[in-house]
Amino acid sequence: MDTVNKPARRVDALGKVLGESRYGADLSFEGMLYGKVLRAPYPHARILSIDTARALALPGVEAVLTAADIPGFHTFGTVIPNQQVLAKEVARYQGDGVAMAAAATPALAQQALDLIRVQYQELAGVFDPARAMEEGAPLLHADCPGNIAAHHVLEKGEVEKGFACSDIILEREYETQLVEHAYIEPEAAVAVPQTGNRGVTVYGSIQNPFSCRKALSRILGLKLNEIRVIQSFMGGSFGGKDEVMSALCARAALLALKTGKPVKMVNTREESIREGYKRHPYKLKYKVGATREGKLMAMEIKIIADAGAYASQTPFVTWRSVVQATGPYEVPHVRTNIYGVYTNNCYTGAFRGFGSPQIIFAQESLLDELAEELGIEPLELRRLNGFRQGSVTATGQKLDNHQVSLLEVVDKAVEKSAYLTKRRQYAAQRGRFRKGIGLACSFRGCSLGAEGVDATGAMVSVQYDGSVYVYSGLAENGQGLQTIFSQIAAEELGISLERVRFMETDTALIPDGGPTVASRSTLMGGNAVRLAAAKVRETLLGAVLEKLRAAAEELAWGGDKIWVKADPRRSISFEEAVNAACAKGELLTQLGWYKAPKVTWDDRHGQGDAYFTYVYGCQVAEVEVDMETGYTRVLKITAVHDVGRAINPETVRGQIYGGVAQGLGYALLEEVQQYEGEIKSLNFDEYLIPGICDMPEIEAIIVENPDGYGPYGAKTIGEPTLEVTAPAIASAVAQATGRRVRQLPLDLERVLLGRSLQKDRYKRREGGC
Amino acid sequence: MLEFNLYRPGTLQEALKLLAEFKSSARVLAGGTDLLISLGSREREDVKNIIDITSLRELDFIREEDSRLRLGPLTVHAQIADSPHIRQGAGLLAAAAAAIGSPQIRNRGTIGGNIVNAAVCADTVPPLLALGATVKLERLGESRWLPLEEFITGPNRTGLEADEMLTEIAFAKLPATAGWGFMRLARREAMAIARMNVAVILDRDSRGRVVSACIAPGAVLASPARIPAAENILLGQCPDEERIHQAGQAVAAAMTAAGRRWSTPYKEPAIIALTERAIKQALEVEWR
Ligand SMILES: Cc1cc2nc3c(=O)[nH]c(=O)nc-3n(C[C@H](O)[C@H](O)[C@H](O)COP(=O)(O)OP(=O)(O)OC[C@H]3O[C@@H](n4cnc5c(N)ncnc54)[C@H](O)[C@@H]3O)c2cc1C
């Protein structure tokens with residue numbers, strides 16, 4: 001291979017480094033107005049009246065809109081469309097928009113908001129999901145008794161029998177926190193009314209242009225072909241620029257269509273944190289039974305996830321959790337129940353990991369705790385129970401269509417980190433500063449699985465001068481998709497990467513290929529690009545064969561030319577091949593469409609072949625804990641991930657470094673402070689993410705077991721890198737301190753005292769440090 | 001959005017004149033790393049005039065005279081951290097300045113701003129307190145000197161009058177026999193305000209007995225102060241592990257006596273440890 005499996009430079013790097021790439025907030029159009037949103041002051045309130053007259057009277061204000069002005073539905077959503085663009089009768093969380101204004105300047109728009117008079121009737125709120133499930137709790141959505149947004153069950157074997165056959169039974173409760181994506185670029189969008197046509201074009205920091213278009217169609221009451229969504233460069237997303245961007249784009253579009261002028265809307269950081277969805281906090285109850293030797297017999301799991309005010313991706317997030325909740329381990333008897341529950345908290349949705357970081361923290365901690373009870377090294381417990389070729393998962397899926405490399409990645413991580421030596425070395429320490437080492441591993445289903453339709457497209461278009469466009473329905477989110485897709489197109493056509501230009505994702509130019517989520521782009525979109533390029537190559541081949549008078553098998557493609565293997569002097573350049581094909585009137589533009597292999601799911605029992613392939617990863621963390629202050633430093637992370645095939649080893653490593661950084665934040669620092677529905681940490685002075693000085697050495701090790709389905713054998717890397725970091729760190733901290741913390745994050749207070757104090761802070765209404 | 005008039009006086013006299021005219025509707029802008037943030041919030045709508053003093057080079061100096069160090073308020077943290085005069089004569093202040101924020105903040109934020117902003121967690125304040133610093137306050141045609149602990153009266157509160165400016169900070173250099181310690185605890189390595197900090201200066205006689213002690217913690221009391229109860233435990237002693245621990249406990253006791261807050265269950269053990277470490281650092285014994 002010439003281009004694939006090589007560390008190609010990112011195709012979008014130069015523009016970004018030179019500051020030339022245009023992000024959502026950089027866009028500007030003639031006569032553009034600025035929009036601002038007024039948000040609810042209460043987490044739960046009935047809107048009695050809205051008086052916009054004074055705001056409208058302000059010179060320079062061109063429109064003031066409320067839910068009453070929305071031509072289509074005022075709600076949208078991928079699974080359950082109950083999220084409000086603007087709150088109609090009831091505001092369900094403090095991020096809900098109530099009214100909005102467009103004016104000549106942002107300051108005027110803000111001033112207009114100050115002049116809107118809203119009368120509210122405050123309603124009783126519910127902020128604890130367990131309480132929200134109880135009878136008599138305030139209901140968020142009339143059609144959802146018990147505030148249940150999602151409930152998934154999984155039944156395998158007979159769990160009671162499994163516990164009866166166990167020598168040891170352990171019950172533990174774990175808890176994870178509300179987490180903010182913290183992308184560097186807050187949400188931004190510009191909506192431009194189409195001239196000469198009905199409809200609107202929207203540009204912005206949009207993770208999923210097609211999801212956005214679908215929401216807009218519903219809200220604006222326009223046909224899909226009347227809405228064009230064009231993605232700008234993205235300053236990060238991590239799953240976070242889906243629904244919140246659909247809402248922003250819809251608002252901008254409503255204002256634009258009302259005024260007939262382009263309208264730009266950009267959230268401040270505070271607005272972004274207040275309104276944008278977050279990663280679900282989970283409360284997890286695990287009960288595990290095992291034999292004396294450590295063989296897992298049964299697990300019973302009950303999980304409650306805080307969905308916040310709207311459904312968003314909760315049904316899917318919790319579904320991934322139910323599939324993977326027992327981890328990469330053979331457990332004959334399993335019962336899992338997971339509930340996603342509405343509350344008047346900030347809503348929660350997609351975030352890198354998507355239901356896996358929470359359960360992996362719990363299940364990996366649990367395995368450590370079980371090992372300790374049994375007097376077995378945690379590593380041994382994993383070796384004893386870990387998936388092997390042909391293992392059967394909790395959903396009854398036999399893992400036999402791909403290389404099950406769990407133990408391979410574990411062994412490699414153990415070896416590279418000197419885990420066992422250090423584990424012994426750190427076993428008996430006394431000083432003020434103590435070290436610890438811990439490991440965590442996971443398996444992860446690739447792409448959407450049985451969530452729903454899984455297919456995507458890409459277009460490869462060769463121009464008559466031999467330059468190439470690649471278009472894709474999946475979108476660059478900063479992860480390196482453009483580079484990977486360009487590499488695949490170049491490889492398939494035997495040309496250099498420089499010939500390929502990747503076009504921004506534009507819903508008018510390419511079919512809807514689903515969202516850029518679930519670490520599916522390389523696997524799904526990569527296949528689509530490969531198919532498209534292969535079709536073009538097939539067309540070129542016809543022309544080449546005539547020129548070189550050879551059979552297809554005799555030819556080699558690469559380095560911008562095609563030659564006869566036996567006689568390399570008989571060759572033609574790529575341009576010549578393109579010219580010859582064009583001269584014959586051939587079509588050198590092709591669409592590739594890739595449909596995922598079949599998966600199955602039985603909702604009643606939670607059984608089926610949930611995903612068509614899986615990846616495996618293991619990370620080892622080494623930490624040093626200040627025993628007198630609880631301050632924890634991560635010294636090193638050894639991260640081993642099987643990616644099937646690294647299309648670009650450098651971008652794979654980039655994913656690993658980034659995932660570890662986010663995982664480290666999840667482990668030690670990050671927690672959105674929300675008290676009775678009000679978010680207190682609205683900016684990065686209070687919401688701390690790791691900085692460069694907090695980052696340890698990261699040894700990133702790529703394992704390649706090519707997959708039968710993926711392009712060149714490539715699978716997935718985006719999310720697995722983040723999901724195992726926190727449990728590895730927690731395990732290392734437990735070794736260092738001799739005490740396990742069962743709640744994330746392991747901040748100063750939890751490590752020193754075993755509990756957080758933040759709730760007290762807000763209960764007592766005390767500020768400061 | 002806030003609108004205000006921006007003035008850039010060329011001399012201190014001009015700046016003081018502007019202050020005399022505008023009084024409480026004016027704010028002095030030094031590095032702006034505190035002021036600009038508070039201006040962004042809506043509480044500051046009373047501020048109509050900003051007096052940018054960054055070009056007043058006469059307020060930017062580090063001078064050593066006799067055995068005293070004199071600092072202009074516009075001296076930025078990076079200068080303090082790097083100054084040979086300060087590293088040699090007031091090492092704890094250099095250490096505190098080096099720990100602030102990030103390179104950007106240290107290149108921009110001034111010691112004057114740190115003092116006048118008077119955050120409980122301000123990192124230069126405990127070292128300055130331990131050094132016995134005094135501050136010079138000037139208004140048009142008049143000036144006065146105040147000890148730092150009298151100047152800062154509470155969280156974000158000082159004795160600065162509306163028409164006054166802070167124009168100098170002065171203190172005696174540490175004698176060669178003195179040792180110092182500065183410890184700071186934050187939630188991450190950089191760009192994180194201190195949860196607590198503590199500055200210690202100990203001078204010992206030839207037999208190792210402590211003849212003078214200053215212990216000044218930050219983010220422990222509502223307004224910064226030395227803790228005599230802790231200092232007294234060390235005075236006249238060759239401090240051993242036990243005494244050092246008691247001194248730490250005395251700081252914690254002073255904190256809890258002032259009231260228990262949400263953070264007290266954590267801060268109580270942690271400040272004991274930090275104080276012990278700062279004392280050990282001052283005594284030049286291993287503290288890890
Ligand atoms: C990201 C970040 C990190 C930070 N980290 C730290 C940290 O680790 N430790 C820490 O202690 N602080 C920290 N700070 C706070 C701040 O940087 C410091 O307090 C800094 O010293 C303030 O100085 P300045 O020159 O920027 O003050 P300014 O913001 O210009 O002024 C602050 C206040 O002092 C007044 N003022 C300034 N100079 C004078 C004068 N000569 N006379 C009268 N009044 C005056 C102003 O009117 C204003 O009220 C941080 C700030 C940020 C934004």
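Refer to the structure presented above.
Residues numbered from 1 in each chain as written. Chains lettered and ligands numbered in written order. Predicted model: local features only at pLDDT ≥ 70, side-chain atom pairs only at ≥ 80, totals over all residues. Heavy atoms only, no water.

## Topic: unusual backbone geometry
Residue and element names in this part refer to chain A. Note the threshold: Secondary structure elements follow DSSP: runs of H or I no shorter than four residues count as helices, runs of E no shorter than two count as strands, and numbering proceeds from the N terminus. For the exposure calls, accessible area comes from a 1.4 Å probe over protein chains only, and a residue counts as buried if that area is under 20% of its type's maximum, exposed if over 50%, partly exposed in between.
Backbone torsion omega between L744 and P745 reads -10 degrees, so that peptide bond is classified as cis. Structurally, P745 is set in the loop between α19 (725-737) and α20 (748-753). At N5, a position not held by glycine, the phi torsion is positive, near 70 degrees. Relative to the elements of secondary structure, N5 occurs in the segment before α1 (13-17). Using a relative accessible area of 23% as the deciding quantity, one classes N5 as partly exposed. The backbone phi angle of D560 is positive, close to 65 degrees, even though this residue is not glycine. Mapped onto the fold, D560 is located in the loop between β22 (555-558) and β23 (561-564). Its relative accessible area of 18% is what places D560 among the buried residues.

## Some details on the nonpolar core
One broad rule of soluble globular proteins: the nonpolar side chains tend to lie buried together. All names here are of chain A. We count it as follows: The set of buried Ala, Val, Leu, Ile, Met, Phe, Trp, Tyr and Cys residues whose side-chain atoms join them within 4.5 Å is what this entry labels a nonpolar core.
Core analysis: the largest hydrophobic core is formed by 122 residues, its most contacted members being Y286, L296, M299, L370, Y616 and I729. At 9 residues, the largest contribution of residues to this core is made by helix α10 (residues 356-374). The next biggest cluster of nonpolar side chains, apart from the first, holds 50 residues, and it includes I488, A489, L497 and V536.

## Focus on the sheet that holds strand β10 (residues 168-175) of chain A
Residue and element names in this part refer to chain A. What counts here: Two strands are said to pair when DSSP picks up at least two bridges between them. Comment: axis = line fitted to C-alpha atoms, over the contacting stretch for helices; angle = value between 0 and 180 degrees taken between N-to-C directions. Residue contacts follow a heavy-atom distance rule, with two residues in contact if any of their heavy atoms lie within 4.5 Å.
Here 5 strands make up an open sheet; going across it, the order is β9-β17-β16-β15-β10 and the pairing mixed. Looking along the sheet, the strands with just one partner apiece sit at the ends: β9 (148-156) and β10. Sheet twist, expressed as the average angle between the axes of neighbouring strands with direction ignored, equals 5 degrees. Its contacts with the sheet put helix α9 (residues 314-324) on β9, β15 (282-290), β16 (296-308) and β17 (333-342), and the angle it makes with β9 is roughly 20 degrees.

## Regarding the site of the ligand
Residues and elements named next belong to chain B. Counted only if it meets this: Nearness of a residue to a molecule or strand requires only that one of the residue's heavy atoms be within 4 Å of it. Counting of polar contacts relies on pairs of N or O atoms within 3.5 Å, with two restrictions inside protein: one atom must be capable of donating a hydrogen and the other of accepting it, and residues adjacent in sequence are counted only when both atoms are side-chain atoms. Here, Shrake-Rupley sampling with a 1.4 Å probe gives the accessible areas, and only protein chains in the shown set may cover a residue. Any residue outside Ala, Val, Leu, Ile, Met, Phe, Trp, Tyr, Cys, Pro, Asp, Glu, Lys and Arg is labelled polar, Gly included; the first ten of those are nonpolar and the last four are charged.
In the neighbourhood of the ligand, 29 residues make up the surrounding shell, with V28, T33, D34, L35 and T110 lying closest. Residue G32 places a main-chain N or O atom 2.7 Å away from an oxygen atom belonging to the ligand. Between an oxygen atom of the ligand and a side-chain N or O atom of T33, the distance comes to 2.5 Å. Protein coverage of the free-state accessible area of the ligand, which is 980 Å², stands at 90%. Elements with a contribution of two residues or more to the shell around the ligand: β2 (26-29), α2 (35-40), α7 (111-117) and β10 (165-172). With 4 residues, the single largest contributor to the shell around the ligand is α7. For the shell around the ligand, the class distribution of residues is 16 nonpolar, 10 polar and 3 charged.

## What to know about the layout of surface pockets
All names here are of chain A. Our working rule: As defined here, a cavity is a set of points on a 1 Å grid over the protein atoms alone where a 1.4 Å probe fits but cannot get out. A pocket is an open set with protein on both sides within 12 Å along at least five of seven lines, and residues line them when an atom is within 4 Å of a point. Grid points are joined across faces, edges and corners, and a volume is the space filled by probe spheres set on the points. Annotation comment: domain bounds sourced from an automatic or database domain assignment.
Of the voids in this model, the second largest pocket is the one considered here, and its volume is about 930 Å³. The wall of the second largest pocket is formed by 28 residues, among which V11, D12, F233, Q482 and F502 lie closest to the centre. At the level of elements, α1, β13 (227-231), α14 (481-493) and β21 (500-502) are the ones that each hand at least two residues to the lining of the second largest pocket. Here the residues of the lining of the second largest pocket sort into 11 nonpolar, 7 polar and 10 charged. Each of domain 1 (30-120 + 196-266) and domain 3 (455-595) contributes no fewer than three residues to the lining of the second largest pocket.

## Details of the sheet that holds strand β13 (residues 210-218) of chain B
Residues and elements named next belong to chain B. In space, the 3 strands of this open sheet follow the order β11-β12-β13, with antiparallel pairing throughout. Only two strands of the sheet have a single neighbouring strand rather than two, namely β11 (178-185) and β13. Along the sheet, successive strands turn relative to each other by an average axial angle of 10 degrees, direction set aside. Where strand β12 (residues 196-204) lies against β13, 8 bridges are found, and the strand directions are antiparallel. In the strand pairing of β13, I201 is matched with C214. Against the sheet, helix α5 (residues 91-99) contacts β11 and β12, and its axis sits at roughly 20 degrees relative to β11.

## Observations regarding the interface of chain A and chain B
Short version of the rule: Accessible area, probed at 1.4 Å, shrinks when two parts are joined; the buried area is that loss added up over both. Salt bridge, as used here: a side-chain nitrogen of Lys or Arg that lies within 4 Å of a carboxyl oxygen of Asp or Glu.
Each partner contributes residues to the interface: chain A has 32 residues there, and chain B has 29 residues. Taken together, both faces of the contact between chain A and chain B bury some 2700 Å²; the carbon and sulfur share is 55%. For the pair chain A and chain B, the interface holds 7 salt bridges. Linking B:E189 and A:R633 is a salt bridge whose minimum nitrogen-to-oxygen distance equals 2.9 Å. Ranked by residue count, the leading element in the side of chain A that touches chain B is α20(A), at 4 residues. Of the residues belonging to the side of chain A that touches chain B, the class tally is 13 nonpolar, 5 polar and 14 charged.

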